[in-house]
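Chains, contacts and geometry: an overview
As a plain string of letters, each chain reads:
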Amino acid sequence: FLARDLISRTRVSRMLDAFRGAPAVDLEKLIEVIVRVSELACEIPAVRELDINPLLADAQGIIALDARVQVSDEPLAADATYSHLAIHPYPRALAREVTVKGGARIQLRPIRPEDAEAERRFISRLSPRTSYLRFHAPIRELTMERLVRYTQIDYDREMAFVAIDPQDEQHEIRGISRYTCNPDGKTAEFGVIVEDAWQGRGVGHVLMQALEETARARGLTELIGLVLKDNDEMGDLMRKRGYGPHRDEE
């Protein structure tokens, strides 16, 4: 999604379409090249410079005719903490498949930018009560600005997991959990929401478990959530997971 958007914002993007009988460039292959270069820069801190020139692209695919790589004295092994990056890349290692009550299998993974449309549909399917309990307001649809904010995140400062229904043709989102770090770097505010038809099946439990494991691995010491007094389902879930309730007079 991000690579495609990056290409579309360049002047050269117009030259990639079919022109005067010449077929269009294989855009999917070009996107794959950009993603692979990004992965290389993310995973191997020792790479200091990478120059691919020329890179030929046509309808048959992509080929690098010449390349130059400059490496430093750092290890060539991958850096799991991405300490050399200002913004963390997509943490694909956190994706997994889990079984919930009733034997249904769901895909649990960090949210991605291309999930924006699926999250919009997810919010639109929520009942007014579920929407109000989560957002503390009767929200039926998120603005594009909020969708971008929720799906294009810095995985170091925040985390969001989505529960995907693999049996659905569109792989719809059935639940979302997220936390955002506070300025102290030790605590974070969290929220979790599950589609009405999937509530009571343990989806919220696995979403919170994934969130807690990631927070603990990132060095956070406390997760804090604001839960409305009449949200009995959420209160029960959090007490079962060992959270302590504290009344906020405001």
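Cut-offs applied
Residues numbered from 1 in each chain as written. Predicted model: local features only at pLDDT ≥ 70, side-chain atom pairs only at ≥ 80, totals over all residues. Heavy atoms only, no water. Helix = DSSP H or I, 4+ residues; strand = E, 2+ residues; numbered from the N terminus. Buried < 20%, exposed > 50% of the residue type's maximum accessible area, 1.4 Å probe, protein only. Areas by Shrake-Rupley, 256 points an atom, 1.4 Å probe, with all protein chains shown as cover. Arc of directions from axis to C-beta. Pairing = 2+ DSSP bridges. Core = buried A, V, L, I, M, F, W, Y, C linked by side-chain atoms within 4.5 Å. Contact = heavy atoms within 4.5 Å. Patch = residues over 30% accessible without salt bridge, like charges linked within 9 Å, V, L, I, M, F, W, Y side chains within 5 Å. Salt bridge = Lys/Arg side-chain N within 4 Å of Asp/Glu carboxyl O. Expected span 1.5 Å × (residues − 1).

For the protein, the count of helices and strands is seven helices and 10 strands. Burial analysis of the protein (250 residues in total) assigns 35% to the buried set. As presented, the protein carries roughly 15600 Å² of accessible surface, and 52% of it is formed by carbon and sulfur atoms.

Okay, helix H7 (residues 232–240) next. Along H7, the residues that are buried comprise Met234, Gly235, Leu237 and Met238. In an axial view of H7, the angular spread of the buried residues amounts to 165°, which keeps them on one side of the axis. The first or second residue beyond H7 is glycine 242, which carries a positive phi of 90°.

On to the pairing of strand S8 (residues 173–181). The element S8 is extensively covered by neighbouring structure, given that seven of its nine residues are classed as buried. Pairing of strand S7 (residues 158–164) with S8, which is carried by seven bridges, proceeds in the antiparallel orientation. In the strand pairing of S8, methionine 159 is matched with tyrosine 179. Sheet analysis places S8 next to strand S9 (residues 187–194), joined by seven bridges and oriented antiparallel. Bridging across to S9, glycine 175 finds its partner in valine 194. Between S8 and the antiparallel strand that follows it, S9, lie five residues; glycine 185 among them carries a positive phi value of about 75°.

Now for the pairing of strand S6 (residues 105–110). As paired strands, strand S5 (residues 96–99) and S6 are joined by four bridges and run antiparallel to one another. Pairing of threonine 99 across the sheet is with arginine 105, part of S6. Across four bridges, S6 lies against S7 in antiparallel orientation. Its bridge partner lying in S7, leucine 108 is registered against alanine 163.

Quick look at the nonpolar core now. If you look at the biggest cluster of nonpolar residues, it comprises 45 residues, and the most contacted ones within it are Ile106, Tyr179, Phe190, Val203 and Leu207. Of all the secondary structure elements, the ones that give two or more residues to this core are S6, helix H3 (116–125), helix H5 (144–151), S7, S8, S9, helix H6 (203–217) and H7. When residues no more than four places from it in sequence are discounted, the contact partners of valine 203 are Val100, Ile106, Ala163, Val194 and Trp198. Counting residues in each nonpolar core, the second largest holds six residues, with Ala3, Leu16, Val25 and Leu30 among its members.

Turning our attention to unusual backbone geometry. Omega for the bond connecting asparagine 53 with proline 54 falls within 30 degrees of zero, at 5°, which places this linkage in the cis form. For proline 54, the position within the fold is in the loop between strand S1 (47–52) and strand S2 (55–58). Notably, arginine 20 is not glycine yet its phi reads approximately 50°, a positive angle. As for its placement among the helices and strands, arginine 20 is situated in the loop between helix H1 (2–8) and helix H2 (27–43).

A cluster of nonpolar side chains, contributed by Val37, Leu40, Leu50, Ile52, Leu55, Val69, Val71 and Leu76, occupies part of the molecular surface with about 600 Å² of accessible area. Going through the elements one at a time, H2, S1 and strand S4 (67–71) are the ones with two or more residues in the nonpolar patch. Position of isoleucine 52 among the secondary structure elements: in strand S1. Note on isoleucine 52: relative accessible area 31%, which makes it partly exposed.

Let us now look at H2. Here H2 is 17 residues long and its end C-alpha atoms lie 24 Å apart, about the 24 Å a rise of 1.5 Å per residue gives. The complete set of buried residues in H2 reads Leu30, Ile31 and Cys42. One side of H2 holds all its buried residues, which, seen down the axis, span an arc of 120°.

What follows deals with the side chain of arginine 121. By secondary structure assignment, the location of arginine 121 is in helix H3. Apart from residues no more than four positions distant in its own chain, arginine 121 is found in contact with Gln170 and Glu172.

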